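Letter by letter, the chains look like this.
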Amino acid sequence: MREDNKFGIDTAAIRAAAKDMDDGAVTAGYQADRKKVIALLNGALATELVCVLRYKRHYYTASGLQNGPIKAEFLQHAIEEQGHADLLAERIVQLNGKPDFNPATLIERSHAEYDDSDSIQNMIKANLIAERIAIEAYRQMIETIGETDPTTRHMLVGIMAVEEEHADDMRDLLA
């Protein structure tokens, strides 16, 4: 018995990970349904991209001197949503998938909707609704993935935490 095996480490599996280098980060020990995870992540990617566009539109079209802090919040959220999109796209590629940025099907693949409201109040409400949708979508993805893909799970938990902060921000703006 190898010394590693006393601790439950499968040395043969570790050595096997050195093979199939074309698979990049995906080793034989990967337990999730990769195609399903990539599909989930592409849905989340579409949602984040729609959120970026919605927040950017609200940032540029919100008017009134008193709305400067709200505009700044919209811009900050757009930047953070773009960061989420980048994380999702990178993970899709790590899983040997292709991130779907096709604008022709973006809305139908997104969990959240685009919004072109003109009033600040309606913009805030639309963003709060979208954040709540994103939170629930991420919760379901995390539950679906379970422990089969700890890296993706960890990433989704981090994104969801930021979405919860965004929802709190939007709720506070409505108060």
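## Some thoughts on the overall build of the protein chain
When its secondary structure is counted, the protein chain shows six helices and zero strands. Counted from the first residue to the last, the protein chain has its helices and strands arranged as α-α-α-α-α-α. In terms of overall size, the protein chain is more extended than a compact globule, its C-alpha atoms giving a radius of gyration of 20 Å where 175 residues would be expected to give roughly 16 Å. Structurally, the protein chain occupies a C-alpha span of about 75 × 35 × 20 Å along its principal axes. In the protein chain, of all internal contacts separated by at least 6 residues, the share reaching a separation of at least 24 is 78%. Accessible surface, the protein chain: about 10,200 Å² in total, of which carbon and sulfur atoms supply 53%. Side chains of the protein chain carry 19 positive and 30 negative charges; the gap between the two charge centres is 4 Å.

## Describing helix H6 (residues 150–174)
The terminal C-alpha atoms of H6, which comprises 25 residues, lie 36 Å apart, in line with the 36 Å expected from a rise of 1.5 Å per residue. Here H6 has its buried residues at Thr152, Met155, Leu156, Ile159, Met160, Glu163, His166, Ala167 and Met170. Summarising the contacts, the buried residues of H6 are in contact with helix H2 (34–61), helix H3 (68–94) and helix H5 (120–145).

## Concerning the nonpolar core
Counting residues in hydrophobic clusters, the biggest one holds 38 residues, and the most contacted among them are Val37, Leu41, Phe74, Leu88, Leu95, Tyr138 and Leu156. No other element matches the 11 residues that H5 contributes to this core. Beyond its immediate sequence surroundings of up to four residues, Leu95 is in contact with Val26, Tyr30, Arg34, Val37, Ile38, Leu41, Asp149 and Thr152.

## Some details on the packing of H3 against H6
Closest axis-to-axis distance for the H3/H6 pair is 11 Å, and the angle between their directions is 165°. For the element pair H3 / H6, the angle class is roughly antiparallel. When you trace H3 past H6, the crossing you get is left-handed. Packed against H3, whose contacting residues are Ile70, Glu73, Phe74, His77, Glu80, Glu81, His84, Leu87, Leu88 and Arg91, the element H6 presents Thr151, Thr152, Met155, Leu156, Ile159, Val162, Glu163, His166, Asp169, Met170 and Leu173 at the interface. For the contact of H3 with H6, the class distribution of residues is 10 nonpolar, five polar and six charged.

## Here we look at the packing of aromatic side chains
Scanning the entire structure with this criterion turns up two aromatic pairs. Relative to Tyr60, the ring of Tyr59 has its centre 4.8 Å away and its plane inclined at 70°; by these criteria the two rings are edge-to-face. The exposure class assigned to Tyr60 is exposed, which follows from its relative accessible area of 57%. One Lys or Arg, Arg54, reaches over the ring of Tyr55 and ends 5.2 Å from the middle of that ring. Between Lys71 and the ring centre of Tyr59, over which it is positioned, the NZ or CZ distance is 5.1 Å.

## Some words on H5
End to end, H5 covers 37 Å across 26 residues, agreeing with the expected 38 Å (1.5 Å per residue, within 8%). Of the residues one or two after H5, Gly146 is the one with positive phi, at around 55°.

## Examining the pattern of salt bridges
Two side chains with opposite charge may pair up if their charged atoms get near one another. The full count for this structure, using the stated rule, is eight salt bridges. Here Asp100 ties to Arg109 by a salt bridge, and the two come within 3.4 Å at their closest N and O atoms. Between Arg171 and Asp168 there is a salt bridge, and its shortest N-O distance comes to 3.6 Å. Remark: Asp168 and Arg171 occur in helix H6; sequence separation between them is three residues, near one turn of the helix. Taken together, the shared-partner salt bridges in this structure form one network comprising Glu136, Arg139 and Glu143.

Conventions we followed
Residues numbered from 1 in each chain as written. Predicted model: local features only at pLDDT ≥ 70, side-chain atom pairs only at ≥ 80, totals over all residues. Heavy atoms only, no water. Helix = DSSP H or I, 4+ residues; strand = E, 2+ residues; numbered from the N terminus. Rg over C-alpha atoms; globule rule 2.2 N^0.38 Å. Contact = heavy atoms within 4.5 Å. Areas by Shrake-Rupley, 256 points an atom, 1.4 Å probe, with all protein chains shown as cover. Lys, Arg positive; Asp, Glu negative; His and termini not counted. Charge placed at Lys NZ, Arg CZ, Asp CG, Glu CD. Expected span 1.5 Å × (residues − 1). Buried < 20%, exposed > 50% of the residue type's maximum accessible area, 1.4 Å probe, protein only. Core = buried A, V, L, I, M, F, W, Y, C linked by side-chain atoms within 4.5 Å. Axes fitted to C-alpha atoms, helices over the stretch in contact; angles between N-to-C directions. Parallel < 35°, antiparallel > 145°, perpendicular 65-115°, else oblique. Left-handed = near helix turned anticlockwise from the far one by under 90°. Nonpolar A, V, L, I, M, F, W, Y, C, P; charged D, E, K, R; others polar. Phe/Tyr/Trp six-rings, centres within 6.5 Å; stacked < 30°, edge-to-face > 60°. Lys NZ or Arg CZ within 6 Å of the ring centre and 35° of its normal. Salt bridge = Lys/Arg side-chain N within 4 Å of Asp/Glu carboxyl O.

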